[in-house]
Amino acid sequence: DGLPTLRQLALMLDLIQCNASDAHVGVTLIILEKALRACDELLLSASNWQLLVTTAFLLASKQLDDDPMNLSDIRRLCILYEHRERGERPNPRSSAAICVSSQHAVAEIAFCSLCGWATFVSPAHLRKYQHGLSLAAAIIDDLHSPVLSADDHAYLQARRPSIAGARRPTSTAVRASPQL
């Protein structure tokens, strides 16, 4: 089945960051890591990574937002991801490859159960985690790192100017506008 590529993960995390905040990305990754560590049978793969990442984001939004994301918002995020991955303009009538309905409901309950029903991430834990991520990124950014595939090295090389500029990518908002 394989793993998702660095490019695939970066596209999804960029969309999350564009439509939320850096804290959302950090809490999403912490919740995902908690669930993966709690269950040896749960593995990140090419067939399930979107479901796992978006479910962790759904839980992060419930922790961080007064008006958290819902399944409809997650579906829009998945549609935006699919179109970005193919280099196309988003089509709101498109069907997302990932089934956003009962799969997310089941995954959300499973994540909560695996995390002992405690998905809260303290600000101190988040800062420590983000510092660790920045150190890991510096190590992986070494273009001679044996951790990454040739495609991932090429992707990092192409992305390097945008990372160096530290500009936040712009995106179409995922959240639907309230109807008046």
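Residues numbered from 1 in each chain as written. Predicted model: local features only at pLDDT ≥ 70, side-chain atom pairs only at ≥ 80, totals over all residues. Heavy atoms only, no water.

Visitor: Looking at this model, I keep getting lost on the nonpolar core. Mind explaining?
Guide: In summary, soluble globular proteins display a tendency toward joint burial of nonpolar side chains. Ranked by size, the top nonpolar core spans 32 residues in total, and within it Met12, Ile16, Ile31 and Phe111 carry the most contacts. Counting residues per element, the ones that place at least two in this core are α1 (6-19), α2 (22-38), α3 (49-64), α4 (71-86), α5 (102-114) and α6 (123-140). With eight residues, α3 is the single largest residue contributor to this core. (Core = buried A, V, L, I, M, F, W, Y, C linked by side-chain atoms within 4.5 Å. Buried < 20%, exposed > 50% of the residue type's maximum accessible area, 1.4 Å probe, protein only. Helix = DSSP H or I, 4+ residues; strand = E, 2+ residues; numbered from the N terminus.)

Visitor: Please explain the state of the cysteines as it appears in this structure.
Guide: Think of a disulfide as a covalent bridge from one cysteine sulfur atom to another cysteine sulfur atom. In the structure shown here, the tally under the stated rule is zero disulfides. Of the cysteine sulfurs around Cys112, a residue in no disulfide, the closest is that of Cys115, at 7.1 Å. Using a relative accessible area of 12% as the deciding quantity, one classes Cys112 as buried. (Disulfide = S-S within 2.5 Å.)

Visitor: Would you take a moment to explain the packing of aromatic side chains for this structure?
Guide: How two aromatic rings sit relative to each other is set out by the distance from centre to centre and by the angle between their planes. Summed over all chains, the structure comprises one aromatic pair. For the pair Trp49 and Tyr81, a centre-to-centre distance of 5.5 Å together with 80° between the ring planes defines the contact as edge-to-face. Residue Trp49 is found in helix α3, and its partner Tyr81 is found in helix α4; the two are separated by 32 residues along the sequence. (Phe/Tyr/Trp six-rings, centres within 6.5 Å; stacked < 30°, edge-to-face > 60°.)

Visitor: I would appreciate a short explanation of the pattern of salt bridges in the present structure.
Guide: Oppositely charged side chains can form a pair if their charged atoms are brought close together. The tally for this structure, following the rule as stated, stands at two salt bridges. A salt bridge links Glu33 to Arg37, with the nearest nitrogen and oxygen atoms 2.8 Å apart. Within this pair, Glu33 and its partner Arg37 are both found in helix α2, separated by four residues, close to a single helical turn. Taking the relative accessible area as the measure of exposure, Glu33 reaches 25% and is therefore partly exposed. In this structure, Glu108 and Lys62 form a salt bridge, with 2.4 Å as the shortest nitrogen-oxygen distance. (Salt bridge = Lys/Arg side-chain N within 4 Å of Asp/Glu carboxyl O.)

Visitor: Just to check I follow, could you spell out α1 for this structure?
Guide: It helps to recall that an α-helix has 3.6 residues per turn; residues three or four apart then point in one direction. Compared with the 20 Å implied by 1.5 Å per residue over 14 residues, the 20 Å span of α1 between its first and last C-alpha is a close match. Most of α1 is tucked away, with ten of its 14 residues classed as buried. The set of residues buried in α1 consists of Gln8, Ala10, Leu11, Met12, Asp14, Leu15, Ile16, Gln17, Cys18 and Asn19. (Expected span 1.5 Å × (residues − 1).)

Visitor: Sorry if this is basic, but what is going on with the packing of α3 against α5 here?
Guide: The packing of two helices is summarised by the inter-axis angle and the distance between the axes. α5 packs onto α3 with a crossing angle of 70° between their chain directions and a minimal axis gap of 9 Å. Viewed along their axes, α3 and α5 adopt a mutual orientation that is roughly perpendicular. α5 is crossed by α3, and the crossing has right-handed handedness. Residues Leu51, Leu52, Thr54, Thr55, Ala56, Leu58, Leu59 and Lys62 of α3 form the contact with α5, whose own contacting residues are Gln103, His104, Ala107, Glu108, Phe111 and Cys112. Its residues placed into classes, the contact of α3 with α5 shows eight nonpolar, four polar and two charged. (Axes fitted to C-alpha atoms, helices over the stretch in contact; angles between N-to-C directions. Parallel < 35°, antiparallel > 145°, perpendicular 65-115°, else oblique. Left-handed = near helix turned anticlockwise from the far one by under 90°. Contact = heavy atoms within 4.5 Å. Nonpolar A, V, L, I, M, F, W, Y, C, P; charged D, E, K, R; others polar.)

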